[in-house]
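So you can see what is in the structure, the chains are spelled out below.
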Amino acid sequence: MSATLSRQQPQHSAVYGPVNSWRFGRSLGIDPICSVSTCSFNCVYCQLGKIQVTTTQRQIFVPTMQIFDDLRAKLPLEQIDVVTLSGSGEPTLALNLEKIIGVVKKVTRLPTVVLTNSTMLHDPTVRSALKLADIVAAKLDAISSNQLQQINRPVETINLPDILAGIEQFRQEYQGHLAIQTMVLSRWTPDMVKDYIEIIQRLQPNEIQINVPSRPRVLVRQLEARGNNIAQSTPYLVQNLKCVSGDILAAVATQIHDAINIPVTYPAVA
Ligand code: SF4
């Protein structure tokens, strides 16, 4: 663990948005982490800024009852397409993940999405909880251990073979919609595309979502960075990351789709 910060009852709602997601439409956000950003990665492009606590230790960050109350306070829900567990870090670190998904589905009766960085999929209790979700978007940015260190900067015990084995195991058990989400940070070489395709063939997702880090990255933790609206939230200090062009993203998507015939989605990039 990189740092130990005192945890207090969150002062803010665990429910935020809705935010407009290019992948899922109007998405109501559920934040199972809240107060202190906590993740097993510390991605170079993370819109939350530098992760405050990096760990693989699961715990209850937000009591399930608080999420129930925060959700009920948002009712009635109008013009919402999905509810997404994401927020201030890695949602599968929440020990009450299964109960949270259960509450979300019961209260909202909407499709439930979980965005995960895939590092906890080796854990059978995490896989079991995620089976309740309608859509699981599993992050896979790195196709080599070197890239994993450079892009995702994981806690020491995490390695790429274990991540891939976890996703593969989850795919075998999960009947819902599995999307692999990949951030493209630079122009891929033909060898990189080939390696990525080989990995995807092994993982057999229903969909591939490729993206670029188009959102500003806050330099100092701001709770509202969990949504999509930080661009309007001056005067925070932000870093704008250099993106590959929309043409490059489209070319990568076409190569992947032509090779394996799995739907590849990507946002419009200026
Ligand atoms: S996995 Fe997500 S929350 Fe964690 S550091 Fe990366 S982008 Fe941020």
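Since the model is a prediction, treat every value here as computed from it, not as a measurement.

Draft legend 1. Main features of the environment of I158. Note that I158 resides in the loop between helix 4 (145-152) and helix 5 (160-173). As a C-alpha pair, I158 and N117 span 41 residues in sequence and 11 Å in three-dimensional space. Those residues in contact with I158, other than ones at most four positions away along the chain, are S40, F41, T56, T119, L148 and I163.

Draft legend 2. Highlighting the sheet that holds strand 8 (residues 177-183). Taking strand neighbours across the sheet as the criterion, the 8 strands line up as 1-2-5-6-7-8-9-12 in an open arrangement whose pairing is mixed. Looking at the sheet topology across the chains shown, the edges are occupied by strand 1 (15-21) and strand 12 (264-265). Examined bridge by bridge, strand 9 (residues 207-211) and strand 12 share 2 bridges and lie parallel to one another. By the bridge assignment, Q209 is partnered in strand 12 with T265. Strands strand 2 (25-30), strand 5 (82-85) and strand 6 (112-116) of the sheet are contacted by helix 2 (residues 97-108), whose axis makes an angle of about 165 degrees with strand 5. Helix-sheet contacts for helix 7 (residues 246-260) involve strand 9 and strand 12, and the interaxial angle to strand 9 is about 165 degrees.

About the thresholds
Counting restarts for each chain: residues are numbered from 1 in the order of the written sequence. Totals for whole chains, interfaces and linings use all residues, but because this is a predicted model, local features are given only for residues with pLDDT of at least 70 and pairs of side-chain atoms are given and counted only at 80 or more. Computation of side-chain values covers all heavy atoms of the structure but excludes hydrogens and water. Strands are runs of DSSP state E lasting at least two residues, helices are runs of H or I lasting at least four, and both sets are numbered from the N terminus onward. Should any heavy atoms of two residues lie within 4.5 Å, those residues are considered in contact. A pair of strands is considered paired only if DSSP assigns at least 2 bridges between the two. Axis angles are defined between N-to-C directions and span 0 to 180 degrees, where every axis is a line fitted to C-alpha atoms and, for a helix, only to the segment in contact.

No statement about biological role is implied by the geometric values presented.
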